[in-house]
Every structure is written in structure tokens, then in C-alpha cells.
Amino acid sequence: MASAPTSKYNSHSLENESIKRTSRDGVNRDVGETLPRLPGEIRITDKEVIYICPFNGPIKGRVYITNYRLYLRSLETDSALILDVPLGVISRIEKMGGATSRGENSYGLDITCKDLRNLRFALKQEGHSRRDMFEILTRYAFPLAHSLPIFAFLNEEKFNVDGWTVYNPVEEYRRQGLPNHHWRITFINKCYKLCDTYPALLVVPYRASDEDLRRVATFRSRNRIPATGGGYESDDVYHNAELFFLDIHNIHVMRESLKKVKDIVYPNVEESHWLSSLESTHWLEHIKLVLTGAIQVADRVSSGKSSVVVHCSDGWDRTAQLTSLAMLMLDSFYRSIEGFEILVQKEWISFGHKFASRIGHGDKNHADADRSPIFLQFIDCVWQMSKQFPTAFEFNERFLITILDHLYSCRFGTFLYNCESAREKQKVTERTVSLWSLINSNKDKFKNPFYTKEINRVLYPVASMRHLELWVNYYIRWNPRIKQQQPNPVEQRYMELLALRDEYIKRLDELQLANSAKLSDPSASPSSPSQMMPHVQTHF
Amino acid sequence: MGGAPAASAGGRCERPPLLPRVAATQGGGMLGKGVVGGGGGTKAPKPSFVSYVRPEEIHTNEKEATEKEVTLHLLPGEQLLCEANTVLKCVQEDSCQRGIYGRLVCTDFKIAFLGDDESALDNDETQFKNKVIGENDITLHCVDQIYGVFDEKKKTLFGQLKKYPEKLVIHCKDLRVFHFCLRYTKEEEVKRIVSGIIHHTQAPKLLKRLFLFSYATAARNSPATDPKKHAVMFDTLQDWCRELERTKGNMKYKAVSVNEGYKVCERLPAYFVVPAPLLEEDIEFFQGRGIPIWCWSCHNGCALLKMSALPKEQDDSMSQIQKNFSDRIYRTVHRPPYETAKTEDLSSNFLSLQEIQMAYSKFKQLFLIDNSTEFWDTDIKWFSLLESSSWLDIIRRCLKKAVEIIECLEAQNMNVLLLEDNASDLCCLVSSLAQVMMDPHCRTVFGFQSLVQKEWVMGGHCFLDRCNHLRQSDKEEVPVFLLFLDCVWQLVHQHPPAFEFTETYLTVLSDSLYIPIFSTFFFNSPHQKDMNVGKESQDSQSRPLNLLTVWDWSVQFEPKAQTLLTNPLYVEKPKLEKVQRKGTHFKHQRQLSLPLTQSKSSPKRGFFREETDHLIKNLLGKRISKLINSSEELQDGFREFYDGWHSRPPSYQGLLLPHLEGPEIKVWAQRYLRWIPEAQILGGGGVATMSKLLEMIEEVQRLQEKIEARHHSQEALQAEAASPPRTSGRLSSLFPFALLQRHSSKPVLPTSGWKALGDEDDLAKREDEFVDLGDV
């Protein structure tokens, strides 16, 4: 597998990926129109529109709408433009221009997306094409308001790996050496009676009886009792607690900050005042503070052999960020692809980060004050870490971007709903496909070739603005002028060398065979292939 | 070794010295010997120049030398001037300070600190050790600013001091910061070392007193490599002819020797290139001013030219003469086979030297950080601090200007004439940047070094003044060459496979600006160099002085370290091309250059008149119209050209353009952050992937050798001494520069990123997001 350098890395846009993927999956395509469709995806309508590209100006095209995506293909010969946008990404649809609008292309739709871009289509004023398109889009982009199912429940994709089996709480606790004489497993929350936003299975301090937990629960917001994050030893987590205050702001501040990021990168990137504009968004400052908090937590855990209780008001935003980042710093297992999936599954999904409220899946209320890019901020922190330690993570940037794309797409059930109990009620694991199925059945694409497994390595990123960067490949990926070199030349060269190495090893093996055939005593050969290259590390 | 052991970690300056130096007597009997590097022989070289050393210093020197020549490495010709003992060098480590006791010395070449625990350095990452400048050496020219700490207050030190500081803080031009605590040093030694350092680094110097000459005199007999091995020096007519041939410029341009012996002017080199029809007397008329001088020819025949402006004349008759002259020159050049020329007036429409100076002096302060607190205090405001320095914006403007010029040459088929008062600052910068982008030869080590020789050294860039080597005028100190290197770094960073050299190469080149054993950056012009070397040779009635060129990297680095200067990602020219090139002798790789727009021959004859007028206006100093640049049409052409290039996959052996957008212009972290321990990422950064790549290259090579060995002899199996794999361990992200190895894996924590919870009100205001740290 090392010999197959990924020939086309291309942009990290969801479009390209799904095109490639669907063709590989043998997905249906409308004959002659090459509209990619997932199993279970139904075509609703198509319209001739002018796509007002913010970079190249108006482009005539045909837009297709299915119950999963908006797909646009240019009708102009000199443009190969294709837009492929899952409807889940849409946060808001607005009509622009009225019956009296005069200017060219001033009548149409303006679509705001959750992934930092806007799509503008100009339509003909006559007929009802705009009204049709608006209604259909609204219906399928915001199914909740129309008593329609989210697409994940209609998706009939099949993968050869089942992503739902990735995370098994008992097994994961066992990997961490739990339960032990400090911590025990409890089924107190079996039917989500104690706390409906916590998972059914919990690890709690050994000496805390179930009765204690019930009593504590009544004092805490929504009955969220303290439970383990990293699972580190402690005698008494509540004793001698040192209170540190982190300057991390609330979810509303984060939402506004991301809006400002969009303002400076879409559609045009600030040029000469780029740095002060970037600073004025405070986005990286928030990243810095989250990382700093996580380092602090991780440092306490690793140096003092003490436990850390991380809490915020509800324990589902800041807590999830800090615990999962600290775990990523301390435990190299979480830096593997599966480890990271487990981390997300456990600390975010299972412990009740309110994905539905924060993202607003299928919900039309774009101004909902509960929405906030908390999970995006976490993924950004992970990206910053992987940038600082480019050999420490098994996954690559594309892995992170794919996770973020499907955070919104509604193609998979992974990020749906606010907590485990709601998910169980909806039978999410039975009725939807897991994002990890997609990723794990095609792992090579998401692997970092430089990954070097170092089991006991603790990673502390430098939480300084000198090292933090705006994640250009994610936030500015729609701008064709800002194109990072893909593939990265160091990576490309490395892949070539890996291929060369494998070829040489093969050739040496062949020579070896030829030699031993000639020699009467095969043991005279001093080195078998495996002895010969004892130092060759397998990077995959 | 004995002596006062280094104060252990955590020990601050308060700790008194344990013992007077025992080691001081160890070296007894080594009188005058010293450890002399280079080819200096064992005899202490006799100074052959007027020395700054005052008699009492020489006395000190001899007295102390008996005891302490053990670890002081002196170059040939280097003289110890003064020294102080039991100086405590403060080292920042893991955000706590520790100190190392030792001796602080000042020679006529450097300030050096000789620490007592020098042995600790041996197991360090010494792979990249500089043979000339040690970790604790600061050449006198590298000193930027000296501060004294008096009762916790930092003050700039200069001139005669009334009071001596308890701590000396030295900011270096390569951005190192040294803290020397003098609290335990004898008073008279403090006086001597402080005033010595201030005097030798800050007092104006005469050119003849540069260490360059004492070194060259002392090392006269050591074999120097032929500089031509490392670069084309452009000090012969032949070199220019070859360059013309290489770029196919020889049809329209000719190399002239009219300035041999600097008869015409001292500003220009002895040999240079002008348009073929230009007459010698034209060159002489205004001492080489007002005539186009060739820099480089593009594959389509268009050339990059430069011109120094004519003196501004008040006198009407004189200005009439100037006008007639310019008119005539212009007509000579401006008819076929010459393309229309676009004039770029760099003195009026572009950056000013003051802007560059101001920007850099703000910018460098961001990296001259005294302690951890300062680092974290400035962290939140980092981006706006960076922006307010304007340094990155200046880089962007330079790169953009080069792209504009390239667009003219490549897409519009026009000659470009760069105009500047002396044609020796921004002309050098813009012209060499354009060449780096257009000519892949300039992206090889040899080609780049030749380019610097051609455009900067022979182009008469006043290195001596711009680096303020003689401390004669701070006003003249402008880092134009450093700006060029930073622009090149942006290109290297954006397109790594296109360059044969690495960022480390650029970093050590920038450091070499301050090492006065190389002549390259220590003269204002080739004339000045020749005069001074010539005179010296008459005095000493032997061969002329053999000044070293910076391009011989073996002077500074061992072969192993030199490998870090070449880029493993470099995509070499196809083999065939190489052979061909040899055959045709420096053939310019025109076919490799990416043709972007169809070359439309545009003999805009109508344009001619206005152009002439414009040129004349400029030459006469009446820069009324800003013309050309502001034309909308040209801006559109630029956009199209720029976007067009970037929409194609880059061709590393052809035209190379930079990205100019905000997020693409970055801080050259290796140069600027390398000495800041807080900025280190242990085992991280681009170094981590690069070292994996190098490991893989070595492994592939090893396998290759094995296969070959097996093909040749099947018996020789035993002979394969399997070379041990590189155990590179964990390198710092600032490798190869970060010498401070952090010993623990403790995280570097911002000191101001959070605050311990103070008053309750604050908590209420700030929401309830906090972290309990159960400390048990």
C-alpha cells in the first residue's frame, strides 16, 4: 500500500470527494447528466440558473436538487465548474431581488452555508422557477420543519466496515485499565434515568455509591454527575481542588468569532491588513486559550498523578474540548485513526455534546442562539496540534476536513441528536450509517505517511500565536487564488521514496532467493530479508 | 573541568560564586600559544596594522594569557583585548533561569563567553557547529544594541559610562540575546570589559581597521580555494561575456572594459554590459550615469536594465545638455532590435529606504525578547504587532514589484529599465528577485551565489554602509540585502522543490553578513575593495591579500553540516538538459521557461515619444507624472498574468511566481524565532517531516548500494557493514539552530494565558466555565 502514492489529492472540498467516492461505490448516475446519487437519494427537480461565482463571475448552469444535495453543472463550454453541496450544509435560504428588480442577475436566491461560503443563483423572473426552487430547497434542507426524515435515515449506502462497532465503552475502559480499585463501572444511568444527557454506562469514583451519585445529580445542571475522562487514578477528586480560571469565552462569542472569520476570507481575502483583520476575529486567540487550558489539564494529570475534574455549566462544550484535547496530548492511542474516532465517539457523542442544537441539523432556525462552532473549534485545535507535530498523528488533514464536512451533511447518523438517549430512541445505529464506516473502509486516503507511532509520547503543543495559523485549507478552501500545494511536495517525495524502498526490498528478496538457490548451504547467507533490514520501520 | 560549577537549574544570579576559578592556573605554561584555528600555525601572529588596543589592554592580555588560553579559540590575526572573570551567563530553560559561570572576553573579532561547563555542549546537537563562530561568540559586527541593567532597570549603553551595570544585555543582529550578570565580577574587570565592549562595537571604525585585513594578513599563507569554484565572481570581462551567452543576450548587448582601473567611475565595476550600439564616450559623459546597464536577458530577448539617475541640475544650460544626452541615449537603445522599454522609477514610485529601515527596526524588536514573560505578554497581540511593523507588507510589495516587471518582460515583450539614484539598493533587490523567479539557474546554489555577486557585490550595493559595519552612520543602516533574502525565503517556503538550497542556507547567509573574515559583504563597491587590497599588498611587498569569499562554505561548516544547506526536495533539471548545457556552454534554459501568454510582438511605436519624454523627465529629476504604473489596463494585465500562472501546476524549472495574498506571506520562523526557547516545538515542526524524509533517502540509498553490491559480487555479502540507522532522536522545530535543549517534557505554558482566580465578581461576569484542578 505504500507504493500507491495518492495521485490526486486535489482540494479538500466535499464535492470532489463525493464525486470520486460515488463513482467508486458504483453509485447510480443519471445517464447523460452524470448526476451522482447515493443509494436512497432521489432526484426532485432541476432548473436552469446563473451561478454567480464570486471569483469568476456569472456562469450559466443547470442545478439539480435531490433529497440530499444541490448539484450544479456549468452549461458553458469553457467552464468545467461543478458544485456539489449536501443540503445539510445550508443554514439559510434568502430571496434576493423582487418583481421590480432591474439589474442583471439581481433576481434569485442567496444561500448561506455552514461551511463558510455563500451560493448565489440568479433565476428568470418569469414563470415560478424561483418560488419552486426556494420551496424545494427549504423543504429538503430543513426537513424537521416539514416532518420529513433527515437524509441519514434514507441513506442506503453499504460499506464493508461497520463504523458503529468502533466504540465499545466497556472495551475502551478496559484498555485504560478500568475498572480498578479507584474507579468502578456503574449502570446507574442504564435507562437514562439519572441523567438523560449522559451515556448509559459510566465510570465513577469507587467510593461513590450509586445513592451518592443520585444525590449529587440533583445539585448539578441537568443531573450531570462527575465521571471519568481520561481515567486516571485519584484518591479523592474533590479534595484540595485548585481552582483555575480560564479566559475561554462562551458559545455566543465563538459563534460571532467564526462569523468574523468568514467576513475576512469569503469571498475575498484581506491583503495588506490581513494580520490585524485576523486578530480582530479573535478566532486564533480562542484556539490558543482552549489549547492552553488543555495543556494545563494534561500537565496536571501527567505530573501529579492526580485526577482533574473539568467542568463548565453543563459539561458538554468546554469540558468536551478540554478533556478530549488533554487525552490527545497524553495518550497516543487517540492519535490513531480509530483512537480518534473513539475519542470523538466517547467524549463528544456519548457524553452529550449537543450536536443537534449546536449545528442545527435539518432545522431552519438559522439564528438559533444555541448554535455554536464548538466542535469545529476542537477539530481546529487538533489540526494545530497535527501541524506542530506532523509525525504524531495517524490521520491527515483530509480526515479532519471529512469529519467537518459530514458534521453538517446529514448523510451519516454519527453527529445527529443531542445525547445518547435520544439517539437510542431513534435507533440511530440501526437506521443510519456511521461516518466511521466511510472512513474505515477507505483508510488509506486518510493516512498520514509520516506517522511514527510512539506509544508513550506526550505531546504538548506550543500555544503561542507565533505558531498558530489560520487553517487555510479549511477556512479558505473555496477561494481558488489561495491554493495550497496539493500534494504537499515533502509528502509527495516521501511517498515516491517509500515506493522505491519497497521495490528495492522486493528486488533484494529476489536476489536473495537466487543466491540461496545457488549456494548449497542456505544458512551461509548472512542475512535473511528480515534480518537485513531490522531497522526498517513500517509506516503503515 | 574544575572551577565554579554552573549554578544548577533554578539557581538565579543571587547565588554567589562557589570558588574562584581553579581552572585559571591549569593552562600555565601555554603562554602565548592559544588555540589558533585555521592555517595560522603555532606562532602568535604579529599584528600588521594599527591596533585599537590600548597599552594597558595589551598588558592585561599578556598577563592573563599565561593562565587562560585553554579554551579561547583565536583566529589567525585575532587579538585578545580585554576580559572579565566569574561572569554569569543567564540561560533561559524551561521558563526558569539558570546561570553558567565563565569568562567574558573581547577580542578584535568577537565577544566570547567561555563557560565552565563547556563539556556539556559536546553532546549537544553540534552537527551544525559553525567553525568560525561558536555558540557563545558574537562578532563585533553582529552586536546590535547593548543594554545595562542598573537596579532592575534596563538602559541603553553607549559612550563613556559613569556607572557600571550589574548586568549586560547584548542584542545581536542575528537576533540572539545574551544576558551577562556581572555581580560577582571584580569591579575593575567589569569596567574594563564593559567599556571595552562598548568601545569596540560602537565607536566608528576606519575601514583599514576591519578584522578582515588582520585575518587576511595572518592567514596569508594558508591555501585558499579558488572562489570561481563557488560562484561566477563577475570580476573579469569573460565572466560577463559568458553570462551574456548563457542568457542569449549577446546579440544586443556587449560587455565593456571602459571602466578598467575605475577610470570612468568608482561606483561601477571594472566590467559591465551595455546595449551594443552605446558609445564609450556616452558611458564616460556623466561618469556612467544616465546609461542603461544590462542585468539579464529573458528568453524572448527582452532585457532587464538598470540606470542611475543623472544629477539634478538647476542650471538651464546644464539641464539642456542632460536632456540632449538622454534623448540621444534613448534613441540609440530604442530602435530595433530593441523592444520598447518600460521605465520603473524605484526612487519615487516604490519603497523608500527609510521605510525599510523603520519597518525592520520595529520588526526585529519583536524577536529580541529578554524573557519568558515578555514573550507571553506580547503573544495575544502578535498579529497586530507584526502588521504594525509593516515588514511583511514590504516583502509583499517587493515580490509584487518583481512580478509586475516579469509580466512586462514575459507577457508584454517589453524591456524593463529600473531607475534609481545610485542603482545600488532597490535596483539590486528587484532585479535579483526577478531573476530568481524567471531564471531557474538562479535557484541553484552556484547560480544564486553568482547572482548575488553580479547584482549586489559587483552592482555596488554599499554593504559596508547598509550593515553599518564601521559604525559611521546609523542613518545609512538599511537591511536591503536581508529584505532580499526574506523575499527569497518566501519563495523557498512556497515552492520548496524549486530551489537547490534550503532555508538554512539563507539563514546562515544572513548570519555571514556580520563575519568579518569574508570580503563579500565588507565593501561598498568593487573599487573600494580593489583599492584596499592593492594598498595592503604594496605595504607588505608580497602577494596581494587573499580575501576569503563567503561562498566557500567549508570555511564555516564541516561537510556533514553543509548537507543541511542543500535541499533534498530539489527537482533537478532533466539529465539530458544538463549534458546539453555543458556542451553549449551555459546555455540558457529557455525552453524550460513557461510561456504564459502568446508572445505577441508589440512594436508600440506610438508609445515611443511619450516614453522618451517620461524618461527624460525622470532623468532630469522632474518626476511629475507617475504614469505607467497607475494605468488600469496594466493592473488588469498583471492580475491576469498572476492568476493565470497560479491556475496551472507549478513548473519548478520554469517561471516561478510567489503567492501574494495575506495568509501566504509568512514570518521566516527559522531566522527570527530560532533563539527563543518558548517558540521551540520539541520533536515537531517541518523539521520532523524533513528528517523522516532524509532517513528515507538514506535508507533507499543503502538498499541501492546493497543491490549493486550483490550484482557485483555475491561473495561480498559480509562486507556490507550495515550502517546504523540514523537515530535522529527528537529534533527541535528550530533545528539546526536551537542549541538549548529542553531536558524535560514539561509543556511551555503561557504565563499570562490565564490568571489564578482572583475576585468573585470577575467570576460572575465571566460565565461559569472554569477548570478545577484536583491537586492531590
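Residues numbered from 1 in each chain as written. Chains lettered and ligands numbered in written order. Predicted model: local features only at pLDDT ≥ 70, side-chain atom pairs only at ≥ 80, totals over all residues. Heavy atoms only, no water.

(A) Just the overall build of chain B, in detail. Scanning chain B from N- to C-terminus turns up 24 helices and 18 strands. When each of the 776 residues of chain B is scored for burial, the buried share is 58%. Across chain B, every contact between residues at least 6 apart in sequence was considered, and the portion connecting residues at least 24 apart equals 74%. Counting every atom, chain B has about 31700 Å² of accessible surface; 53% of that belongs to carbon and sulfur. (Helix = DSSP H or I, 4+ residues; strand = E, 2+ residues; numbered from the N terminus. Buried < 20%, exposed > 50% of the residue type's maximum accessible area, 1.4 Å probe, protein only. Contact = heavy atoms within 4.5 Å. Areas by Shrake-Rupley, 256 points an atom, 1.4 Å probe, with all protein chains shown as cover.)

(B) Seen up close, the packing of aromatic side chains. Residues and elements named next belong to chain B. Taken as a whole and judged by the stated rule, the model has 63 aromatic pairs over all chains. For the ring pair Phe 481 and Phe 484, a centre distance of 5.9 Å and an interplane angle of 40° mean the geometry is tilted. With a gap of 3 residues between them, Phe 481 and Phe 484 both fall in helix α15 (residues 480-494), about one helical turn apart. Note that Lys 154 overlies the ring of Tyr 147, its terminal NZ or CZ placed 4.4 Å from the centroid. (Phe/Tyr/Trp six-rings, centres within 6.5 Å; stacked < 30°, edge-to-face > 60°. Lys NZ or Arg CZ within 6 Å of the ring centre and 35° of its normal.)

(C) Region of interest: helix α11 (residues 391-411) of chain B. End to end, α11(B) covers 30 Å across 21 residues, agreeing with the expected 30 Å (1.5 Å per residue, within 8%). Burial within α11(B) is extensive, with 18 of its 21 residues counted as buried. (Expected span 1.5 Å × (residues − 1).)

(D) Spotlight on helix α8 (residues 318-330) of chain A. Over its 13 residues, α8(A) extends 18 Å from the first C-alpha to the last, a length consistent with the 18 Å expected when each residue adds 1.5 Å. Counting buried positions along α8(A) gives 13 out of 13 residues, so the element sits mostly inside the fold.

(E) Fine view of the side chain of His230(B). All names here are of chain B. Checked against the element boundaries, His 230 lands in the loop between α4 (211-218) and α5 (237-246). According to the relative accessible area criterion, His 230 is buried, its value standing at 16%. In this structure, His 230 is in contact with Thr 225, Phe 446, Gln 449, Trp 551 and Asp 552, ignoring residues within four places of it in sequence.

(F) Local environment of the domain arrangement of chain B. Residue and element names in this part refer to chain B. The domains assigned to chain B are domain 1 (80-118 + 129-203) and domain 2 (237-537 + 544-565). The centre of domain 1, based on its C-alpha atoms, is set 35 Å off from the matching centre of domain 2. With 26 residues of domain 1 at the contact, the number on the domain 2 side is 25 residues. Between domain 1 and domain 2, roughly 2200 Å² of surface is buried when both sides are summed, and carbon and sulfur atoms account for 50% of that area. Taken as a group, Lys 131, His 141 and Lys 173 account for 29% of the area that domain 1 buries against domain 2, more than any other trio of residues on that side. For the pair domain 1 and domain 2, the number of links is 3 salt bridges. Ranked by residues supplied to the side of domain 1 that touches domain 2, first place goes to strand β9 (residues 167-172) with 3 residues. In terms of residue class, the side of domain 1 that touches domain 2 is made up of 10 nonpolar, 9 polar and 7 charged. (Domains from an automatic or database assignment. Buried area = accessible area lost by both parts, 1.4 Å probe. Salt bridge = Lys/Arg side-chain N within 4 Å of Asp/Glu carboxyl O. Nonpolar A, V, L, I, M, F, W, Y, C, P; charged D, E, K, R; others polar.)

(G) Examining the sheet that holds strand β15 (residues 341-345) of chain B more closely. Residue and element names in this part refer to chain B. Within the open sheet, the 4 strands sit side by side as β13-β14-β16-β15. Their pairing is mixed. Bordering the open sheet on either side are β13 (293-297) and β15, each of which pairs with just one other strand. Mean inter-strand twist for the sheet, computed between neighbouring axes without regard to direction, equals 25°. (Pairing = 2+ DSSP bridges. Axes fitted to C-alpha atoms, helices over the stretch in contact; angles between N-to-C directions.)

(H) View of the packing of α15(B) against helix α16 (residues 503-512) of chain B. Residues and elements named next belong to chain B. Following both chains from N to C, one finds α15 and α16 inclined at 175°, their axes separated by 10 Å at the closest point. Considering the angle they form, α15 stands roughly antiparallel to α16. For the pair α15 and α16, contact is made by Phe 481, Leu 482, Leu 485, Val 488, Trp 489 and Val 492 and by Glu 503, Leu 506, Leu 509 and Ser 510, respectively. For the contact of α15 with α16, the residue count by class is 8 nonpolar, 1 polar and 1 charged. (Parallel < 35°, antiparallel > 145°, perpendicular 65-115°, else oblique.)

(I) Main features of the sheet that holds strand β7 (residues 118-122) of chain A. Residue and element names in this part refer to chain A. The sheet built from 7 strands is open, its strands ordered β4-β3-β2-β1-β7-β6-β5 with antiparallel pairing. Whereas interior strands pair on both sides, the edge strands pair on one side only; in this sheet they are β4 (82-86) and β5 (90-96). On average, each strand axis in the sheet is tilted by 30° relative to the strand beside it, whichever way the strands run. Bridging between β5 and strand β6 (residues 108-113) involves 6 bridges; their strand directions are antiparallel. By the bridge assignment for β6, Ile 90 is matched with Cys 113. The strands that helix α2 (residues 129-141) touches are β1 (43-53), β2 (57-66), β3 (69-74), β5, β6 and β7; relative to β5, the one it contacts most, it runs at about 165°.

(J) Region of interest: the packing of helix α9 (residues 337-350) of chain A against helix α11 (residues 374-388) of chain A. All names here are of chain A. As a packed pair, α9 and α11 sit with axes 13 Å apart at the nearest point and diverge in direction by 150°. As α9 packs across α11, the resulting crossing turns out to be right-handed. On α11, the residues touching Phe 340, Leu 343, Val 344 and Trp 348 of α9 are Ile 374, Phe 375, Phe 378, Ile 379 and Val 382. Here the residues of the contact of α9 with α11 sort into 9 nonpolar, no polar and no charged. (Left-handed = near helix turned anticlockwise from the far one by under 90°.)

(K) The confidence of the model for chain A, seen in detail. All names here are of chain A. Of the residues in chain A, 81% reach a pLDDT of 70 or more, and the chain-wide mean stands at 82. Below pLDDT 50 for its whole length, residues 229-241 participates in 37 contacts with residues either more than four positions away or in separate chains. Within the model, the stretch residues 522-540 combines pLDDT values under 50 with 35 contacts to residues more than four positions away or in other chains. (pLDDT = per-residue confidence, 0-100.)

(L) Region of interest: the pattern of salt bridges. Applying the stated criterion across every chain yields a total of 57 salt bridges over all chains. Arg69(A) is the partner of Glu41(A) in a salt bridge, and the nearest nitrogen-oxygen pair spans 2.8 Å. With Glu41(A) in the loop between α1 (14-24) and β1 and Arg69(A) in strand β3, this residue pair connects regions lying 28 residues apart in the sequence. In this structure, Glu41(A) and Arg69(A) share a single accessibility class: buried. One salt bridge connects Lys163(B) with Asp151(B), and the closest N-O pair in it is separated by 3.9 Å. With a gap of 12 residues between them, Lys163(B) in the loop between β8 (153-156) and β9 and Asp151(B) in the loop between β7 (143-150) and β8 connect regions that are remote in the sequence. Asp151(B) matches Lys163(B) in its accessibility class, with the two residues each being exposed. Within the structure, one salt-bridge network assembled from shared partners comprises Glu172(A), Arg175(A), Asp331(A), Lys346(A) and Glu347(A).

(M) Structural view of the side chain of Arg318(A). All names here are of chain A. Along the chain, the position of Arg 318 falls in helix α8. In terms of polar contacts, Arg 318 uses its side chain to reach the backbone carbonyl oxygen of His 249, at 2.7 Å. In this structure the side chain of Arg 318 is engaged in a polar contact, spanning 2.3 Å, whose partner is the side chain of Gln 321. (Polar contact = N/O pair within 3.5 Å; in protein donor to acceptor, adjacent residues only side chain to side chain.)

(N) View of the environment of Val161(A). Residues and elements named next belong to chain A. Turning to its location among the elements, Val 161 is positioned in the loop between α2 and α3 (169-175). Residue classification places Val 161 among the partly exposed positions, given a relative accessible area of 30%. Once residues within four sequence positions are removed from consideration, Val 161 is found in contact with Ser 437, Asn 440 and Ser 441.

(O) Geometry of the nonpolar core. Core analysis: the biggest nonpolar cluster contains 276 residues, and Leu325(A), Phe340(A), Phe375(A), Tyr475(A), Phe448(B), Phe484(B) and Ile517(B) have the highest contact counts within it. For this core, the element with the highest residue contribution is α11(B), accounting for 13 residues. Counting residues in each nonpolar core, the second largest holds 34 residues, with Ile283(B), Met307(B), Leu417(B) and Met458(B) among its members. (Core = buried A, V, L, I, M, F, W, Y, C linked by side-chain atoms within 4.5 Å.)

(P) Spatial organisation of the environment of Gly447(B). Residues and elements named next belong to chain B. With respect to the helices and strands, Gly 447 occurs in helix α13 (residues 445-457). Owing to a relative accessible area of 2%, Gly 447 belongs among the buried residues under this scheme. Contacts of Gly 447, omitting those with residues within four sequence positions, involve His 441 and Cys 442.

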